[in-house]
Amino acid sequence: MNSPAGMQELRLRKKLILLFLFFSLVPLTAIGIAAYLIGKNLIHDAVVSHLQSIVHAKSRTVEAFMGERSSDLQLLADLASDGQLKGNESTLKQMRSVMTRYGVYRRLEIVDNSLQVLVAAGPESVAGDCSYRQTCIEEALIGREYRGDIFLWKQKDEPLLAICVPIREKSRQVEKAVIGYVSFEQIGQLLRKFEVGETGEAYLIDIQGHFLTRTRLGGRLLEDTIPEESRTVYFGASGVGEYIDYRGKLVLGASERIPDTNWILVAEQDSEETFAGIRSFGSTILLIWCIVLALVSVTAYAISNAVSVRLRDRYRQILDLKTYSDNIVATLPMSVAVLDKRLGMLSTNRAFLQTFDLGEEDVHGAALADLLKNRRLLEGLRKTAQTGVVFNEDALEFDLGAEGVRYFNVKAATLQMGEQIQVLLILNDVTEHRQTQEQMQKAERLSSLGILTAGVAHELNTPLANILLYSQMALEEVGEDKKELIGNLKAVEEEAKRGASIVKELLEFSRQSDLEVDVADINEILGNLLSLVKNQCSLKKINIEKNFDYAIPRIKVDLGRIQQVFMNIVANAMWAMPEGGTLTVRTDYDRERQLVKVDVTDTGTGIPKENIRKIYNPFFTTKRPGEGTGLGLSVSHGIVKRMGGEILVKSKTASEQSEASDEPAGTTFTVELPIENMKSVG
């Protein structure tokens, strides 16, 4: 999995799993969230509705309780007004009976309009702790039933409520009233029966927020008050909400005001406990979501694994096919390149890089015009890219700089890669084939020329010899006083000698006689030659540099002819430096190729590229007439070829020298002499 293909497969599997999870879980998550929100609202509404129903029911209970107390006292008042209560003893007995029967009265009183207690049942301390007793009686004596506030009976630490009912005579006048001191503990007990969970409770408060009944969880009667911020909920329009209660806990509460009173009935429960169902519901949904996530993940993994395995197999097939194709293209001897429509480089094979001496970093992203300077090729490729016409050119010439001129058969065609158009370029190097053909043609011409030259040379040799003989004889017979004639005869003699020398070179060029093999030391031959030309070089301001490898073996060569070869090359080098320069002679032994190499380098004018291919042609020379015959290099080339060797040349004129290059203009002739099948002498 650490390979690039493995990393791509891993990324693909991750993407497949993520996509599967996304398209599976997003809808499921949305449904789960929606279900949770709906369920939460339903549970919340159910809890609130339950609290509201409890508050309403308990409110009715309190109303009923108060109504019963008013009825009890009104019954006593009616009995007193009808005269059914005969004396104080009878009235007291009836009062005690009421107190016993209902168990909620702590004291009953009948008072007259002078506020005097006529009959009383129950402890006096009850009435003494009631702060509004006089107001209560006064209200009753003017014909109105009166209910006071809750007060605390200190003796029993019990909350009580005073209710006063007027006693109307048959004349409808009010001269007396009945007061009942009712215990509020029974109301508190009724409210405390509301116990939901561990924190649910119901209680009564007044409009100042004092507790009128004891709370289940510790609110002090008539002393503690609910927090100010909670009252906005109690006194609000809906009477439902979440708030901080007297314990500092967040609760959900519902409240309702008791009609005709300043009391508010409150039912509440801790929010944490109230909404435990919501949390449980949410946990259930989350558990279901996790189970589905696990199932979806397993399914996604299985599917991604199956898809990735199939894609991996297909990728390997494609990769194998690509590798096979790339190997075929890479091993082709022809240079292959793929270009975009603008002739930018896309890919090449090894032969292309080797042929044009390029690295992969040179080709990547480069334009073909920056790599190959050939106008005919670029014009043809542009036409192919634009029109699709196949470009075909035979033996197209390329200048490769240091590598010289090479010839290629060029073919180019367009490739349709999806919506992109690419250009396939194939370059087949035919330089060797062309050179072979040229050499064969040259050999045929030279063979014919050699035969012709040999015949001409033999025919000219005899008359030239006779001219030389007769001119010498004439010089001997002419007297010294005929100086003009002597001068003319000497000129004839010199021209005859020059003609004989040319005939000799022609014979040397044309003859195919066996080589006279001698064991020779190339370093020694070159050393003697350089000693001979030392003075002449000094006069021409030419500096001689020798760089000999003295470990090269002695080989068998035709001593005279190899001296002639080196003399011709050195002479040409000296002639190429008319204003002086440096003549460097270097010897080397190429063990891998089993060659003795001799480099003769000058810093002269150089040979133009158009003349490089002509230098071995017979009679080709760039010297002025009379300075050379044009046979020196041709003869030297023939001698080295007959020895199994080769003469190579590299040259650069001043105009061809690059400004960025430190390499000077000049020419280097390299003579390679093989030692294969020749016995070396140590």
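What counts, and at which threshold
Residues numbered from 1 in each chain as written. Predicted model: local features only at pLDDT ≥ 70, side-chain atom pairs only at ≥ 80, totals over all residues. Heavy atoms only, no water. Helix = DSSP H or I, 4+ residues; strand = E, 2+ residues; numbered from the N terminus. Buried < 20%, exposed > 50% of the residue type's maximum accessible area, 1.4 Å probe, protein only. Contact = heavy atoms within 4.5 Å. Areas by Shrake-Rupley, 256 points an atom, 1.4 Å probe, with all protein chains shown as cover. 1 Å grid on protein atoms, 1.4 Å probe; cavity = no way out; pocket = protein on both sides within 12 Å on 5 of 7 lines; lining within 4 Å. Points joined across faces, edges and corners; volume = space filled by probe spheres on them. Nonpolar A, V, L, I, M, F, W, Y, C, P; charged D, E, K, R; others polar. Patch = residues over 30% accessible without salt bridge, like charges linked within 9 Å, V, L, I, M, F, W, Y side chains within 5 Å. Salt bridge = Lys/Arg side-chain N within 4 Å of Asp/Glu carboxyl O. Lys, Arg positive; Asp, Glu negative; His and termini not counted. Charge placed at Lys NZ, Arg CZ, Asp CG, Glu CD. Phe/Tyr/Trp six-rings, centres within 6.5 Å; stacked < 30°, edge-to-face > 60°. Expected span 1.5 Å × (residues − 1). Arc of directions from axis to C-beta. Axes fitted to C-alpha atoms, helices over the stretch in contact; angles between N-to-C directions. Parallel < 35°, antiparallel > 145°, perpendicular 65-115°, else oblique. Left-handed = near helix turned anticlockwise from the far one by under 90°. Pairing = 2+ DSSP bridges. pLDDT = per-residue confidence, 0-100.

Peer 1: It is not clear to me how the overall build of the protein chain should be interpreted in this structure. Could you clarify?
Peer 2: Counting secondary structure elements, the protein chain contains 18 helices and 21 strands. Looking at the protein chain as a whole, 38% of its 682 residues are labelled buried. When contacts within the protein chain are restricted to residue pairs at least 6 apart in sequence, long-range pairs at least 24 apart make up 57% of them. Here the protein chain has roughly 38,900 Å² of accessible surface; of this, 53% comes from carbon and sulfur atoms.

Peer 1: What am I meant to see in unusual backbone geometry here?
Peer 2: With the exception of glycine, most residues fall at negative phi, and the peptide bonds are largely trans. Even without glycine at this site, D157 takes up a positive phi of about 50 degrees. Note that D157 resides in the loop between β3 (146–153) and β4 (158–168). Looking at D157, the relative accessible area reads 40%, which means it is partly exposed. Phi at K541 takes a positive value of approximately 60 degrees, unusual for a residue other than glycine. Relative to the elements of secondary structure, K541 occurs in the loop between α15 (522–539) and β16 (542–547).

Peer 1: Got a minute to help me understand empty space enclosed by the protein in this structure?
Peer 2: Throughout the structure, instances matching the rule amount to one cavity of 30 Å³ or more. By volume, the largest cavity is sized at about 30 Å³. If you trace the largest cavity, you find it lined by I569, N572, A573, V600, D602, T667 and F669. If you list the elements that add at least two residues to the lining of the largest cavity, you get α16 (559–575), β19 (595–602) and β21 (666–674). Residue composition of the lining of the largest cavity, grouped by class: four nonpolar, two polar and one charged.

Peer 1: I keep staring at a negative patch on the surface and nothing clicks. Help me out?
Peer 2: A grouping of D357, E360, E361 and D362 is seen on the molecular surface, where their side chains present a negatively charged patch. Counting through the fold element by element, D362 comes out in helix α10 (residues 360–363).

Peer 1: How do you make sense of the packing of aromatic side chains when you look at a structure like this?
Peer 2: Each pair of aromatic rings is reported with the distance of its centres and the angle of its planes. Applying the stated criterion to the full structure yields six aromatic pairs. Ring plane angle 90 degrees and centroid distance 6.4 Å describe the contact between F151 and Y181, whose orientation is recorded as edge-to-face. Taken together, the residues F151 in strand β3 and Y181 in strand β5 (residues 174–183) connect sequence positions 30 residues apart. Judged by centre distance (5.0 Å) and plane angle (75 degrees), the rings of F184 and W263 are edge-to-face. Residue F184 is found in the loop between β5 and α5 (185–192), and its partner W263 is found in strand β9 (residues 263–270); the two are separated by 79 residues along the sequence. The burial state of F184 is the same as that of W263; both residues are buried.

Peer 1: What am I meant to see in helix α12 (residues 375–387) here?
Peer 2: Quick reminder: α-helices carry 3.6 residues per turn. Residues three or four places apart thus point the same way. Its 13 residues give α12 an end-to-end C-alpha distance of 18 Å, which sits within 8% of 18 Å, the value for a rise of 1.5 Å per residue. Regarding α12, the residues found buried are L377, L378, G380, L381, T384 and A385. Projected down its long axis, α12 carries its buried residues within an arc of 165 degrees, all on one side. Across from the buried face of α12, at angles greater than 90 degrees, the exposed residues are R375, K383, Q386 and T387. Looking at the buried positions of α12, the neighbouring elements they touch are β10 (335–339), α11 (368–371), β12 (391–399), β13 (405–417) and β14 (420–429).

Peer 1: Sorry, what's going on with the packing of α15 against α16 here?
Peer 2: The axes of two packed helices give the description: the angle between them and the distance between them. Viewed as axis vectors pointing N to C, α15 and α16 meet at an angle of 40 degrees, and their least axial separation amounts to 10 Å. Relative to α16, the element α15 is oriented oblique. In this structure, α15 crosses over α16, and the sense of that crossing is right-handed. Across the interface between the two elements, I522, I525, L526, L529, V533, Q536 and C537 from α15 touch L559, I562, Q563, F566, M567, V570 and M574 from α16.

Peer 1: Explain helix α4 (residues 133–141) here, please?
Peer 2: Along α4, the residues classified as buried are C136, I137, A140 and L141. The buried residues of α4 all sit within an arc of 130 degrees when viewed along its axis, so they share a single face. With its phi angle positive at about 95 degrees, G143 sits one or two positions after the end of α4.

Peer 1: Honestly, the pattern of salt bridges in this entry has me stumped. Any pointers?
Peer 2: When the charged atoms of two side chains with opposite charge come close together, those side chains can pair. A complete count under the given rule lists 17 salt bridges for this structure. E139 is the salt-bridge partner of R144, the closest N and O atoms lying 2.6 Å from each other. Its relative accessible area of 21% is what places E139 among the partly exposed residues. Its salt-bridge partner being R593, residue D590 comes within 3.9 Å of it at the nearest N-O pair. Using a relative accessible area of 47% as the deciding quantity, one classes R593 as partly exposed. One salt-bridge network, in which partners are shared between bridges, spans R107, E109, E124 and R133.

Peer 1: I tried to follow the pairing of β10 on my own but got confused; where do I start?
Peer 2: Sheet faces and side chains relate simply in a regular strand, where the side chains alternate between the two faces. For β10, the buried fraction is high: five of the five residues fall into the buried class. In the sheet, β10 pairs with β14 via five bridges, with the strands oriented antiparallel. Note that in β14 the partner of A337 across the bridge is L425. In this structure, the hairpin formed by β10 and strand β11 (residues 345–348) is closed by a connection of five residues, where L343 is found at a positive phi of approximately 65 degrees.

Peer 1: Looking at this structure, how should I read the sheet that holds β9?
Peer 2: In a beta sheet, neighbouring strands are held together by backbone hydrogen bonds and run either parallel or antiparallel to one another. Pairing is antiparallel across the open sheet formed by four strands, whose spatial order is β6-β9-β8-β7. With partners counted over all chains shown, the strands left at the sheet margins are β6 (201–206) and β7 (240–244), one partner each. Ignoring which end each strand starts from, the neighbouring axes of this sheet average 35 degrees apart. As paired strands, β7 and strand β8 (residues 250–257) are joined by five bridges and run antiparallel to one another. Opposite Y243, over in β8, you have V251 as the bridge partner.

Peer 1: Even after reading the chapter, I still don't get the confidence of the model for the protein chain, so can you show me in this structure?
Peer 2: Detailed reading of the predicted coordinates is not advisable wherever pLDDT falls low. Residues at a pLDDT of 70 or more form 77% of the protein chain, whose mean pLDDT is 76. Within the model, pLDDT remains below 50 along residues 677–682, and this stretch shows eight contacts once partners closer than five positions in the same chain are excluded.

Peer 1: Any chance you could explain a nonpolar patch on the surface here in plain terms?
Peer 2: Taken together, the side chains of L19, F22, F23 and V26 present a nonpolar region at the surface, about 410 Å² in accessible area. Tracing the sequence through the fold places F22 in helix α1 (residues 4–82). Looking at F22, the relative accessible area reads 47%, which means it is partly exposed.

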